[in-house]
Structures are given as C-alpha cells and as structure tokens.
Amino acid sequence: MSDSAELPSELQDRARLKIILETALLTSAEALPLSQMKPLCDEPLSNRELELLLADIQRDWLNRGIELVELASGWRFRTRPHMQVYLDRLSPQKPPRYSRAVLETLAIIAYHQPVTRGDIEEIRGVAVASQILKTLEARGWIEVIGTRDTPGRPELFATTKQLLDDLNLRTLQELPSLSQMTLEENDRIGS
Amino acid sequence: MSDSAELPSELQDRARLKIILETALLTSAEALPLSQMKPLCDEPLSNRELELLLADIQRDWLNRGIELVELASGWRFRTRPHMQVYLDRLSPQKPPRYSRAVLETLAIIAYHQPVTRGDIEEIRGVAVASQILKTLEARGWIEVIGTRDTPGRPELFATTKQLLDDLNLRTLQELPSLSQMTLEENDRIGS
Amino acid sequence: MTEHPVIASIHGEPLKSLPQDLYIPPDALELVLDTFQGPLDLLLYLIRRHNLEVLDIPMAELTRQYLHYIELLQQHRLELAAEYLLMAAVLIEIKSRLLLPKPARVSDEEAEDPRAELMRRLQEYEQMKLAAQKLDQLPQAGRDFEFIQVMIEQKAARLPEITLEDLKLAWMNLLEKARIHTHHTVRREALSVREQMSHILRCLRGGEFVAFDTLFDPESGVQRLIVTFVAMLELAKEYLLEIQQSETFGSIYVRLSRTAE
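As the structure is a prediction and not an experimental result, all values here were calculated from the model.

Draft legend 1. Local environment of the packing of aromatic side chains. For the structure shown, the criterion picks out six aromatic pairs over all chains. An angle of 85° between the planes, with centres 5.4 Å apart, marks the rings of Phe145(C) and Phe147(C) as edge-to-face. Taken as a pair, Phe145(C) and Phe147(C) share a single burial class, namely buried. The ring of Trp61(A) has Arg64(A) sitting right over it, with the charged end atom 4.4 Å from the ring centre.

Below, the structure written as structure tokens:
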C-alpha cells in the first residue's frame with residue numbers, strides 16, 4: 001500500500017486501469033472489442049491509449065500459459081497451444097473413433113493395395129460410401145495412385161507413408177500378419 | 001531464455017509447474033481439487049508441495065483483479081468482489097434476486113438438511129411451491145439425496161458443494177452461525 | 001369495526017388506528033400474501049413491530065390483531081390461504097385455554113404453557129428467516145463476483161486415432177463375414193508384392209517412361225528385388241503397365257499403360 005502511494009498518480013491510474021481491463025478480459029466469455037472496453041475506464045480513452053494498455057497486458061503474459069490476442073471480434077485471453085497437452089490430462093475426453101466401415105475399408109486397402117472401390121465392395125459385400133474414402137483421403141492415409149484399365153477406369157487406392165508413420169510402422173510388412181490372424185480367427189471360431 | 005538457462009533446474013521446474021497449474025485453474029470450468037491437479041505434474045507431488053505452489057500462485061495475484069480461492073470442491077480463480085462494479089458495466093443484466101420464499105427454503109435446507117418438503121412446510125407454516133424447489137435445483141444448489149423411510153417415502157433434500165462454491169465457502173460450518181444471528185436480532189429489537 | 005374505536009392495546013397503550021406499516025391500501029391487497037411468507041411471518045411481524053418478545057406473547061393482543069387483519073383482508077374478498085385461517089383457529093384455541101382455570105391437580109412439574117408450541121415455531125421460523133437474509137448477504141457467484149474461465153484454444157477438431165489392433169479387428173471382422181458369405185473368398189496375399197505394386201505405380205505417376213532398372217534398388221536385397229519383379233509382372237497382368245524394349249538386350253522402359261493414366 002505504502003509503495004503504491006508513492007507512485008505518481010498517473011502511474012497509479014494506469015496500473016489500476018490495467019488491472020480492471022485484465023480482469024474484464026479474463027472474465028468475459030467472448031472477445032471484447034475496444035468499444036466495449038471503454039466504459040470500464042472512468043475517463044474517456046482513445047483507441048490508441050487503450051491499445052497501448054492492452055499491448056502492455058500482452059507483455060505481462062508473455063511467458064505464461066495463456067495469452068491475450070486480438071481477433072476479428074475483439075480481444076480475448078486464450079490458452080497457448082503448448083498447454084493443450086496438460087489441459088488434456090484434466091479432461092480426458094474419449095478420442096473420437098472411426099466407424100467399422102471406415103476401419104474395414106482401410107484394412108482392405110492396406111492389405112490388398114492397390115484396390116478399386118469395386119474390389120473393396122466385393123470383399124465387404126456392401127457398397128462403399130464415397131464419404132468413407134473421402135474421410136481416409138482427407139486424413140492422408142490413402143491416395144489414388146492410378147486407374148485400372150478396365151471399363152470405367154476405376155481409381156486405384158493405396159495407403160500412404162503417413163499411415164505407416166501414424167501407426168509407427170516402417171513398412172507395410174510390419175502390419176499384423178494375415179496368416180497369423182487367420183489362424184487366430186480359426187481358433188476363435190473353433191472354440 | 002538465457003536467464004532461465006542460468007536458473008537451477010529445480011527452480012525452472014517449479015516455475016514451469018506454476019504456469020501449468022495457473023493455466024489449468026484459469027481455464028477450468030469447475031473448481032479443481034488437489035487430486036485432479038496431480039496428473040498435471042510430470043513427477044508425483046505431495047498435497048503439501050502442491051499447496052505450497054498454490055499459495056505461491058495466490059501471492060502472485062495479491063494485488064490484482066482476480067484471486068485464487070479454496071472452495072468446497074477445490075481451487076478456483078474468481079474476481080475480487082470490488083471488481084464487480086466494473087464488470088457490471090460490461091453486462092448490465094444482473095442475475096435476478098431470489099424471492100424471500102426461495103431464500104427461506106434454501107436456508108431451511110442448508111441448516112436442517114436433510115429435510116423433506118413436509119419439514120420445510122412445517123417450519124415455514126405454508127405450502128412450498130414446486131417452483132421454489134425447481135429453481136434451487138436448477139441453480140445446482142440443492143439436490144435429492146434419498147427418501148425418508150416414512151409413508152409416501154418423501155424425498156430428502158440437501159445442499160450441494162456448488163452452493164458452497166458459489167457462496168465462497170469451504171464447508172457448511174462456514175455458514176453464518178444461527179446463535180450469532182439470534183443474538184444480533186435480539187440486540188436490534190432491544191435497542 | 002366502527003364499534004371498536006380502539007383497535008388494539010399494546011402494553012396498555014390503546015391503539016386508535018392501524019399502525020402505518022400494517023395498513024395496506026386496498027388496491028395493493030393482492031400483494032399481501034406475497035409480502036408475508038405465511039401466518040408465522042405475519043405473527044412475527046405483529047410481535048416484532050411492537051417490540052414484543054417471542055418468548056412472552058401477550059396472546060389476547062396478538063390474537064385480536066391477527067383476527068383483525070384477517071377480517072380486513074376478507075372485507076376485500078381476498079381469498080385467504082388456508083394456512084392463515086388455520087392459524088386463526090390455533091390462536092383462538094390457545095387463548096381460550098389460557099382463560100380456562102388451571103386444573104386443580106397440580107403436579108410437581110409446571111403445567112405446560114399452551115403458548116409453548118407456538119412460541120417454539122415462531123422462534124424456529126424467525127431463525128430461518130434471519131438465516132435466509134444472511135445467506136442472501138453472502139457474496140454470490142454471478143452476482144457479486146465471477147468465476148474465471150479462460151477459453152481453451154481448441155486445436156482443429158480432434159481426429160480419431162487408430163491402432164494396429166483396430167486394423168486387425170477390422171480384418172478379423174471381414175474374415176468372419178467372408179465365412180458367412182461363402183460365395184467369395186478373401187485371398188491371402190503376399191503383402192510385400194502388393195506394397196511394391198503400389199510403390200511402382202507411385203513411381204510411374206508422372207506418366208513418362210521410366211528406366212526399368214531404376215525401379216529396382218540393388219541395396220534392398222535379393223528378396224526385395226524379386227518382390228519388385230513379381231509386382232511388376234502382376235501390374236502387367238492387370239494391364240496397368242506398359243513395358244517396352246526397343247531392341248534385344250536394350251534398355252527396358254516402363255510407364256503406366258496409357259489407358260491407365
């Protein structure tokens with residue numbers, strides 16, 4: 001208290017205003033445009049002055065877990081990306097899962113590549129929705145590597161290096177062995 | 001960077017951990033109990049160590065607009081009450097004040113819990129409208145914790161941790177003392 | 001009412017008019033039941049207004065005021081809640097018991113004051129009424145302070161992850177299905193040939209002729225070389241490749257079959 005009393009009053013006001021702005025920004029559920037921040041100041045402030053204060057707050061938070069950013073709709077605090085890994089530990093949401101159709105399609109492409117949509121449909125015994133192939137392409141796990149020289153020139157799908165990376169494999173040979181699986185399946189059915 | 005490189009690594013870790021804890025507390029939608037904070041630390045921490053870090057964070061925020069408080073269900077940042085006058089300028093709609101009927105019902109549940117609707121009616125001398133109980137349940141301040149083993153098996157109401165959190169209390173013992181209240185009232189009447 | 005100019009007598013002081021704070025203008029009568037939380041609240045009001053002790057209620061005065069109040073309300077045809085009328089009955093009962101001579105048999109214990117139950121209820125209610133006021137005075141989240149919840153910057157919608165186990169299970173499912181639909185069989189393939197087929201197609205994607213030997217990596221070992229060769233034969237068999245050799249023992253060139261481009 002005695003310290004702040006010795007500050008020039010202008011500095012005091014500025015420090016107080018910074019605290020008020022910071023509190024408002026930390027509390028607000030939405031980004032605050034400059035126009036909405038102005039009523040927080042007891043004396044009228046120009047945009048320029050307000051922006052200087054905000055830049056000052058930004059600096060205060062430089063090496064912290066959240067940062068003050070200016071977005072199209074105004075200013076707001078948000079977490080820095082590298083904090084995500086810790087925050088995820090707090091709310092362990094179950095990661096989304098791909099449907100059985102997507103996984104089976106991927107398995108067929110992985111083990112039978114290069115394959116056409118028709119090949120996949122024949123093995124699965126049902127039509128393959130375009131959405132399934134798009135999902136896998138968008139994820140960067142499959143790609144079209146050519147077309148088969150048959151009527152309609154169907155596209156040939158193969159898996160990508162990215163899939164191997166994401167599965168932490170070096171080559172496709174490291175995929176679970178089909179013969180092993182067939183044995184297991186026979187055991188399972190037999191028992 | 002060069003500065004922090006010169007810090008003893010223990011201090012670095014502590015500073016990093018403080019930032020992670022602060023970020024988690026600033027972003028959490030609910031109060032965080034110590035048990036939930038522990039997974040944030042890469043190395044196992046005792047409650048005591050965690051509390052020292054939290055006390056440290058509390059000190060960091062001493063002269064600011066928000067403060068770290070310990071509530072019934074854990075630790076949480078909240079605005080300091082003297083900031084409210086500014087925050088009200090941002091969102092002029094105030095939450096509605098509760099009616100006397102709602103507040104008296106809440107008081108009876110808080111001080112006499114667990115109670116049935118019949119108990120509340122007995123003390124207030126009037127019927128308790130369902131709306132009153134619904135209002136308190138919707139706010140998350142009361143909940144049904146069972147039924148009383150009497151004819152009709154009436155529901156038993158009790159207050160929640162959220163009520164304590166929302167009133168900035170850690171335990172039910174921190175509710176205003178009844179005997180103190182009666183003394184004050186008698187003084188008031190007597191004077 | 002006109003035959004009773006003295007409305008009430010408080011501690012011997014006659015009251016000639018309704019206390020100001022008790023009077024409610026007729027057009028505001030509908031608010032009456034909202035103003036008081038019930039008969040206990042009204043009784044407390046009457047007692048406390050006149051600085052009376054809850055523990056020593058002058059029953060006669062209290063009952064008279066209460067009944068007068070009820071009468072006033074009824075004059076305006078306000079439907080009184082049953083609780084108010086019940087309380088009137090209770091008050092009259094207590095009052096009449098107080099008027100009756102005490103029973104001759106006097107036990108050691110003092111006969112219970114007929115007011116005791118009412119006093120207990122009034123005290124209990126008053127305590128809760130005060131507690132309600134105190135609770136309302138406590139700083140309240142959303143009204144007197146806010147909890148902080150800074151937005152968590154979400155990465156682009158989290159994508160599903162898969163594991164080898166997922167792929168394996170998907171394949172086992174297919175095997176089982178294949179068993180049911182016996183009209184086709186799932187062939188077991190030499191995986192490396194398939195992979196190599198994809199690899200070759202990828203190398204040839206430009207559509208240009210590529211030297212045959214550049215598709216083989218001598219460093220990768222004999223097995224790999226054989227697999228690559230088998231893959232190329234497979235591709236040729238599926239008409240995916242065009243293989244050309246302009247002269248005997250000359251260089252062999254390979255490109256995607258033109259129709260396959």
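On we go from here.
Draft legend 2. Spatial organisation of the interface of chain A and chain B. Of the residues lining the interface, 25 residues belong to chain A; the matching set on chain B comes to 25 residues. Of the roughly 2200 Å² buried between chain A and chain B on both sides combined, carbon and sulfur atoms contribute 65%. Looking only at chain A, the three residues that lose the most surface to chain B are Tyr86(A), Arg89(A) and Leu90(A), adding up to 26% of its buried area. Across the pair Glu22(A) and Arg64(B) runs a salt bridge whose closest N-O atoms are separated by 2.9 Å. Run the count over chain A and chain B and you get 10 residue pairs in polar contact (both at pLDDT 80 or more). Contributing elements (two or more residues each) for the side of chain A that touches chain B: α2 (9-27) and α5 (84-90) of chain A.

Draft legend 3. Focus on the nonpolar core. If you look at the biggest cluster of nonpolar residues, it comprises 51 residues, and the most contacted ones within it are Leu26(A), Met37(A), Phe77(A), Leu26(B), Met37(B) and Phe77(B). Excluding residues that lie within four positions of it along the chain, Leu26(B) makes contacts with Leu26(A), Trp61(A), Ile66(A), Ile66(B), Phe77(B), Ile148(C), Gln149(C) and Val150(C). Core analysis: the next-biggest nonpolar cluster, separate from the first, contains 34 residues, Val102(B), Leu163(B), Ala131(C) and Leu135(C) among them.

Draft legend 4. Representation of the pattern of salt bridges in the model. All names here are of chain A. Applying the stated criterion across every chain, the model contains 46 salt bridges over all chains. The salt bridge partner of Lys 18 is Asp 56, with a shortest N-O separation of 3.6 Å. Placement of Lys 18 in helix α2 and of Asp 56 in helix α4 (residues 47-60) is noted, with a sequence separation of 38 residues between them. Per residue, the accessibility class of Lys 18 equals that of Asp 56, and both read buried. Three or more residues joined by partner-sharing salt bridges are found here, namely Arg 14, Lys 18, Asp 56, Arg 59 and Asp 60.

Draft legend 5. Main features of a nonpolar patch on the surface. All names here are of chain C. A cluster of nonpolar side chains, Val 222, Ile 226 and Val 230, forms an exposed patch at the surface whose accessible area comes to about 260 Å². As for its placement among the helices and strands, Val 230 is situated in helix α8 (residues 222-237). Judged by relative accessible area, Val 230 falls into the partly exposed class, the value being 33%.

Cut-offs and rules
- Residues numbered from 1 in each chain as written.
- Chains lettered and ligands numbered in written order.
- Predicted model: local features only at pLDDT ≥ 70, side-chain atom pairs only at ≥ 80, totals over all residues.
- Heavy atoms only, no water.
- Phe/Tyr/Trp six-rings, centres within 6.5 Å; stacked < 30°, edge-to-face > 60°.
- Buried < 20%, exposed > 50% of the residue type's maximum accessible area, 1.4 Å probe, protein only.
- Lys NZ or Arg CZ within 6 Å of the ring centre and 35° of its normal.
- Contact = heavy atoms within 4.5 Å.
- Buried area = accessible area lost by both parts, 1.4 Å probe.
- Salt bridge = Lys/Arg side-chain N within 4 Å of Asp/Glu carboxyl O.
- Polar contact = N/O pair within 3.5 Å; in protein donor to acceptor, adjacent residues only side chain to side chain.
- Helix = DSSP H or I, 4+ residues; strand = E, 2+ residues; numbered from the N terminus.
- Core = buried A, V, L, I, M, F, W, Y, C linked by side-chain atoms within 4.5 Å.
- Patch = residues over 30% accessible without salt bridge, like charges linked within 9 Å, V, L, I, M, F, W, Y side chains within 5 Å.
- Areas by Shrake-Rupley, 256 points an atom, 1.4 Å probe, with all protein chains shown as cover.

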